[in-house]
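Summary of the model geometry
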Amino acid sequence: MPYEVVTVKEASVKYFYIRDTETLDIVTLPSKYLMHKTRVRRSPNTIRRSAFAILYYLEYLEEKDMQITEIYGLPYDEQTEHFVNFLYWIKAGNHTKQESSPKNGTCNAYLKDVFRFYLFIEREYEQYGTLKVLSYNQIVAVNEVGVKRVLRNNAFHGYLKAEESKGKSARQNEIVTVLQACTNCRDQLLLLLLAETGYRIGEILGIDYVKDIDYRNHVIRVYFREDNENDARAKNAEYRKAKISDDTFEFLMHYLSKYGKILQHQNYLFVNIMGSTKGKPLKVDSVYDMFERMEKKTGIKLTPHMLRHYFANMRKKAGWRLELISQALGHKHLDTTIKYLDWIDEELVAASNEFYEKHASIFGAEKLLE
């Protein structure tokens with residue numbers, strides 16, 4: 001491979017660069033873009049994904065004997081063809097040299113990362129102009145509850161048709177079974193908080209039990225922090241808070257009491273409770289290892305994301321407004337929240353029946369039979 005992604009950690013912050021494997025020189029434009037994403041507090045996983053998307057694109061350009069900025073001079077049709085061919089190059093597995101083919105949605109995500117990179121170049125270096133395939137018209141629309149949305153009509157229409165993808169929601173009886181199968185109260189508390197707050201796993205692992213818990217009101221807050229020892233971050237750098245049930249709060253107090261001697265040496269709520277890393281903040285990989293052990297033990301597959309879906313659907317059943325669920329999940333767009341919710345046929349039929357009971361003879365169709 002002519003390029004590689006280099007990761008450097010300085011003062012608990014991860015920096016990503018793209019380097020030429022032959023000269024070992026840092027590739028300037030992509031690395032400046034990745035530094036920009038670090039400065040605006042994108043999560044390390046998001047930046048890493050962008051780094052590999054751009055790396056693959058550089059390899060594609062290398063095969064075509066083209067430069068990044070050369071694409072600006074191509075006519076619209078040739079730009080479209082260039083990026084469509086990149087999609088199919090990814091789809092064919094050329095980026096990994098493996099026989100397995102990535103999903104269409106994955107291919108599209110790589111291209112969107114490349115487009116964000118080009119938009120950065122356009123903002124920072126006006127002499128290059130703009131990509132013709134990224135020109136768009138936009139309007140600001142306001143829905144019935146006053147939420148503003150920017151509607152864009154992008155000029156690029158070459159994305160691959162994405163497969164239907166709907167995240168699975170955990171079920172209450174599955175959560176109960178896994179809770180009972182856990183061998184320690186730390187894992188049980190972790191499951192309870194994921195299910196009751198709807199927080200992301202990175203947000204849960206970043207909780208400071210000294211500063212982030214309102215013990216009087218049973219509220220847990222999440223903040224963005226640069227320097228979490230376990231690299232856990234609140235996505236999009238947003239602040240949120242969630243109230244937990246009285247039973248779960250009592251369980252939280254039990255956990256703090258049981259592991260008080262370990263917890264007193266640092267402020268993270270979730271820590272390793274045995275082994276050479278005892279007392280160190282719990283990391284994401286350890287959580288997923290725990291979920292895998294529980295799956296082998298119970299035959300039930302659970303993930304932190306499935307518990308977020310569970311939270312969303314339980315609040316929908318309880319009558320929460322869509323905007324409120326979206327805010328609780330930390331979503332920027334309502335469209336994202338909608339994808340979390342299970343809308344079953346029976347609900348749609350019931351809602352339609354209720355509507356027509358209140359709004360009969362809307363069009364006067366009965367008169368057409370006279």
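Scroll up to find the structure.
Fair warning: this is a prediction, and the values are worked out from it, not measured in the lab. (Residues numbered from 1 in each chain as written. Predicted model: local features only at pLDDT ≥ 70, side-chain atom pairs only at ≥ 80, totals over all residues. Heavy atoms only, no water.)

**Some points on the overall build of the protein**
On a plain count of helices and strands, the protein comes out with 14 helices and seven strands. Per-residue burial over the protein gives 46% buried out of 370 residues. Sequence-distant contacts, at least 24 apart, represent 57% of the contacts inside the protein between residues at least 6 apart. Counting every atom, the protein has about 21700 Å² of accessible surface; 49% of that belongs to carbon and sulfur. (Helix = DSSP H or I, 4+ residues; strand = E, 2+ residues; numbered from the N terminus. Buried < 20%, exposed > 50% of the residue type's maximum accessible area, 1.4 Å probe, protein only. Contact = heavy atoms within 4.5 Å. Areas by Shrake-Rupley, 256 points an atom, 1.4 Å probe, with all protein chains shown as cover.)

**Here's the deal with the packing of helix α5 (residues 172–181) against helix α6 (residues 185–197)**
Contact pair α5 / α6: the axes reach a minimum separation of 9 Å and the direction vectors enclose 160 degrees. Comparing the axis directions of α5 and α6 gives the class roughly antiparallel. The element α5 and its partner α6 pack so that their crossing is left-handed. Packed against α5, whose contacting residues are I175, V178 and L179, the element α6 presents Q188, L191, L192 and A195 at the interface. (Axes fitted to C-alpha atoms, helices over the stretch in contact; angles between N-to-C directions. Parallel < 35°, antiparallel > 145°, perpendicular 65-115°, else oblique. Left-handed = near helix turned anticlockwise from the far one by under 90°.)

**Observations regarding the pairing of strand β7 (residues 240–243)**
Across the two faces of β7 the burial differs, with R240 and A242 buried and K241 and K243 not buried at all. Judged from the four bridges that link them, strand β6 (residues 219–222) and β7 form a sheet pairing that is antiparallel. For R221, the partnering residue across the bridge sits in β7 and is K241. (Pairing = 2+ DSSP bridges.)

**Comments concerning the environment of T7**
Structurally, the position occupied by T7 is in strand β1 (residues 3–10). Judged by relative accessible area, T7 falls into the partly exposed class, the value being 46%. Taking the C-alpha atoms as reference points, T7 and Y17, separated by 10 residues in sequence, lie 6.5 Å from one another. Ignoring anything within four residues of it in the chain, the contact list for T7 reads K14, Y15 and F16.

**Focus on the nonpolar core**
With 47 residues, the main nonpolar core has L190, Y255, L269, F270 and L302 as its most contacted residues. Elements that contribute at least two residues to this core include exactly α5, α6, α7 (201–205), β6, α8 (246–258), α9 (260–263), α10 (284–298) and α11 (304–317). Residue contacts for Y255: discarding those within four places in its chain leaves C185, R186, L189, L263, L269, F270 and V271. Counting residues in hydrophobic clusters, the runner-up holds 44 residues, among them L34, Y57, L87 and C107. (Core = buried A, V, L, I, M, F, W, Y, C linked by side-chain atoms within 4.5 Å.)

**Section: the sheet that holds β7**
One open sheet holds the three strands; their spatial order is β5-β6-β7, and the pairing between them is antiparallel. The sheet is open, and its two borders are formed by β5 (213–214) and β7, each paired with just one other strand.

**Details of the pairing of β6**
Alternating residues of β6 divide into V219 and R221 and I220 and V222, and every residue in both groups is buried. Pairing of β5 with β6, which is carried by two bridges, proceeds in the antiparallel orientation. Bridged to D214 within β6 is V219. Hairpin geometry of β5 and β6 is characterised by an intervening segment of four residues between the two adjacent antiparallel strands and by a positive phi of about 60 degrees at H218.

**Brief notes about the side chain of H95**
Here H95 is to be found in the loop between α3 (76–91) and α4 (104–124). A polar contact of 3.5 Å, which involves the side chain of H95, links it to the backbone oxygen of I90. With residues near it in sequence (within four places) discarded, H95 still touches Y56, E59, W89, I90, P102 and Y110. (Polar contact = N/O pair within 3.5 Å; in protein donor to acceptor, adjacent residues only side chain to side chain.)

**A few points about the pattern of salt bridges**
Throughout the structure, instances matching the rule amount to six salt bridges. We note a salt bridge from R49 to D113, for which the minimum N-O separation is 3.0 Å. Of this pair, R49 sits in helix α2 (residues 44–64) while D113 sits in helix α4, and the two are 64 residues apart along the sequence. Residue R49 is classed as partly exposed on the basis of its relative accessible area of 39%. For the salt bridge of R240 with E203, the shortest nitrogen-to-oxygen distance reads 2.9 Å. Here R240, found in strand β7, pairs with E203, found in helix α7; they are 37 residues apart in sequence, far enough to count as distant. Given a relative accessible area of 6%, R240 falls into the buried group. Judged by relative accessible area, E203 falls into the buried class, the value being 3%. (Salt bridge = Lys/Arg side-chain N within 4 Å of Asp/Glu carboxyl O.)

**Notes on α2**
The terminal C-alpha atoms of α2 lie 30 Å apart, and with 21 residues this matches the ideal 30 Å at 1.5 Å per residue to within 8%. One or two steps after α2, the chain reaches D65, where phi turns positive at roughly 55 degrees. (Expected span 1.5 Å × (residues − 1).)

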